[in-house]
Amino acid sequence: DFRVSRIGVYSRDNFTCQYCGQKNNDLTLDHVYPRHLGGSHTWDNLVTCCKKCNNTKAWKTLDQAGMRLLSKPRSPKWSFHTLLANHNGTDYEEWNYYLV
């Protein structure tokens, strides 16, 4: 297993909100099952989320918020650090905000 990191979750989710599909640099993380209800800080409970969707979901479960995920969160099969080591700053333009 790889250690959970913000940039790792963003990368896994392709810098895309997992609720509405919006792709931008103004993202945050969301615990699918809220931590205050016992949700864990793990790959399978964290998704990339835009601020609008994060505010809509707030501290609720998916059912309570009436929201659905575009894809099921999973632990990646790659190391983010391996990808980062091979990044030259021009291959993935959307990464520049986080890496430069």
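Bear in mind that the values here come from a model prediction, so they are computed numbers and not experimental data. (Residues numbered from 1 in each chain as written. Predicted model: local features only at pLDDT ≥ 70, side-chain atom pairs only at ≥ 80, totals over all residues. Heavy atoms only, no water.)

(A) Focus on the overall build of the protein. From N to C terminus, the protein includes five helices and two strands. Across the protein, helices and strands are ordered from the amino to the carboxyl terminus as α-β-β-α-α-α-α. In the protein, which comprises 100 residues, the share counted as buried stands at 38%. For the protein, restricting intrachain contacts to residue pairs at least 6 apart in sequence, the fraction spanning at least 24 positions comes to 64%. Carbon and sulfur atoms form 48% of the exposed surface of the protein, whose accessible area is close to 6,500 Å². (Helix = DSSP H or I, 4+ residues; strand = E, 2+ residues; numbered from the N terminus. Buried < 20%, exposed > 50% of the residue type's maximum accessible area, 1.4 Å probe, protein only. Contact = heavy atoms within 4.5 Å. Areas by Shrake-Rupley, 256 points an atom, 1.4 Å probe, with all protein chains shown as cover.)

(B) Spatial organisation of the pattern of salt bridges. What the rule picks out here adds up to three salt bridges. With a closest N to O distance of 3.2 Å, Lys51 and Asp26 form a salt bridge. A residue pair is termed long-range when its members are at least 10 positions apart, and Lys51 in helix α2 (residues 51-57) and Asp26 in the loop between α1 (6-12) and β1 (27-31) qualify at 25 residues. Linking Asp30 and Lys57 is a salt bridge whose minimum nitrogen-to-oxygen distance equals 3.2 Å. In this pair, Asp30 is assigned in strand β1 and Lys57 in helix α2, connecting sequence segments 27 residues apart. Residue Asp30 is classed as buried on the basis of its relative accessible area, which comes to 5%. (Salt bridge = Lys/Arg side-chain N within 4 Å of Asp/Glu carboxyl O.)

(C) Expanded view of the packing of aromatic side chains. As enumerated under the stated definition, the model contains one aromatic pair in all. Measuring from centroid to centroid gives 6.2 Å for Tyr10 and Phe15, while their planes differ by 50°, and the two rings are tilted. Classification of Tyr10 by relative accessible area gives buried; the value is 3%. (Phe/Tyr/Trp six-rings, centres within 6.5 Å; stacked < 30°, edge-to-face > 60°.)

(D) Representation of the pairing of β1. In terms of residue burial, β1 counts as a mostly covered element, since five of its five residues are buried. Here β1 shows two buried faces, one formed by Leu27, Leu29 and His31 and the other by Thr28 and Asp30. As paired elements, β1 and strand β2 (residues 46-50) share five bridges and run antiparallel to each other. The partner of Asp30 across the bridge, within β2, is Val47. (Pairing = 2+ DSSP bridges.)

These figures capture arrangement, not role.
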